[in-house]
Amino acid sequence: NQAISGCKKLKEIDIPASVKKMDLSNIVWNESLERVCLHNGLEEITGEGPCLCRIGQLKEISLPKTLRRIPGGMFHHCHQLKNFNLDPENPFFTTIGDAIYSHNKTRLVAVPDSQRKTFAVPEGVEEIGPVNGLRAQLFAQLDQIFLTGDVVQPERNLHILAAAGHCPVLQELLGKIL
């Protein structure tokens, strides 16, 4: 299932429109990869975990309007990725600043540059990440996090408590709230 995995010199991947579903394992271990272009037609990226299983060179990724599923943690180890090229006509996702959110802006889906030291979760966000991958990626390096009341409601967001194990700053914040 790892069709183009482990190509040490591969710099670019173009996934054609004829591909409707792609497993993340198809592009892992390509640490020289700088650009990924996903064309309209791709609906789902399956699997979990990092796109690049080592610190990678990924700088650019194009996400099509047909994409409806992005796995958690997909962009973990993509420290040079500073923002996403999300097709503005995508009905499933939107961007606020440099991060990807569900189209209704209630779920934080992906954050580029896991080396960031601060992150502000916008008002209205109720859920962070579909799985532990994004939470681990987002919280691991933070010195400061700014959360709204919508997110910090333990009865609705037990995943925030689970994520606290990855982030001393979040542990301290939740200790003051709870």
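Residues numbered from 1 in each chain as written. Predicted model: local features only at pLDDT ≥ 70, side-chain atom pairs only at ≥ 80, totals over all residues. Heavy atoms only, no water.

Draft legend 1. Examining the sheet that holds strand β5 (residues 60–63) more closely. Judged by pairing direction, the sheet is parallel, and its four strands sit side by side in the order β1-β3-β5-β6 without closing on themselves. Looking at strand neighbours, the two that pair on one side only are β1 (12–15) and β6 (85–86), the edges of this open sheet. In this sheet, β5 lies alongside strand β3 (residues 35–38) in parallel orientation, the contact comprising three bridges. Pairing of Cys 37 across the sheet is with Ser 62, part of β5. (Pairing = 2+ DSSP bridges. Helix = DSSP H or I, 4+ residues; strand = E, 2+ residues; numbered from the N terminus.)

Draft legend 2. Local environment of the pairing of strand β8 (residues 99–102). As judged from the four bridges shared by strand β7 (residues 93–96) and β8, these two strands associate in the antiparallel manner. In the strand pairing of β8, Phe 93 is matched with Ser 102. Counting the residues that bridge the hairpin from β7 to β8 gives two residues, and of these Gly 97 lies at a positive phi of roughly 65°. Pairing of β8 with strand β9 (residues 107–110), which is carried by two bridges, proceeds in the antiparallel orientation. Its bridge partner lying in β9, Tyr 101 is registered against Leu 108. Adjacent in sequence and paired antiparallel, β8 and β9 are bridged by four residues, among which Lys 105 carries a positive phi angle near 65°.

Draft legend 3. Local environment of the pattern of salt bridges. All told, the structure shown has seven salt bridges when counted by the stated rule. For Glu 12, the salt bridge identified is with Arg 35, shortest N-O distance 3.2 Å. On the criterion of sequence distance, the pair formed by Glu 12 in strand β1 and Arg 35 in strand β3 is long-range, its members being 23 residues apart. Here Lys 59 ties to Glu 34 by a salt bridge, and the two come within 3.9 Å at their closest N and O atoms. You can see Lys 59 sitting in the loop between β4 (44–46) and β5 and its partner Glu 34 sitting in the loop between β2 (21–23) and β3, a full 25 residues away along the chain. Note on Lys 59: relative accessible area 42%, which makes it partly exposed. (Salt bridge = Lys/Arg side-chain N within 4 Å of Asp/Glu carboxyl O. Buried < 20%, exposed > 50% of the residue type's maximum accessible area, 1.4 Å probe, protein only.)

Draft legend 4. Fine view of the nonpolar core. Leu 38, Ile 61, Leu 63, Ile 70 and Phe 75 are the most contacted members of the largest nonpolar core, which totals 26 residues. Elements supplying a minimum of two residues to this core: β1, β3, β5 and β9. Grouped together as the second largest cluster of nonpolar side chains are eight residues, Ala 99, Val 111, Val 121 and Ile 128 included. (Core = buried A, V, L, I, M, F, W, Y, C linked by side-chain atoms within 4.5 Å.)

Draft legend 5. How the structure looks around the environment of Glu 31. Of note, Glu 31 is situated in the loop between β2 and β3. The class of Glu 31 is buried, set by a relative accessible area of 19%. Each C-alpha atom of the pair Glu 31 and Lys 11 lies 8.7 Å from the other, and the pair is 20 residues apart in sequence.

Draft legend 6. Structural detail: the sheet that holds β9. Here we have four strands laid out as an open sheet, ordered β7-β8-β9-β11, and mixed in their pairing. Looking along the sheet, the strands with just one partner apiece sit at the ends: β7 and β11 (127–128).

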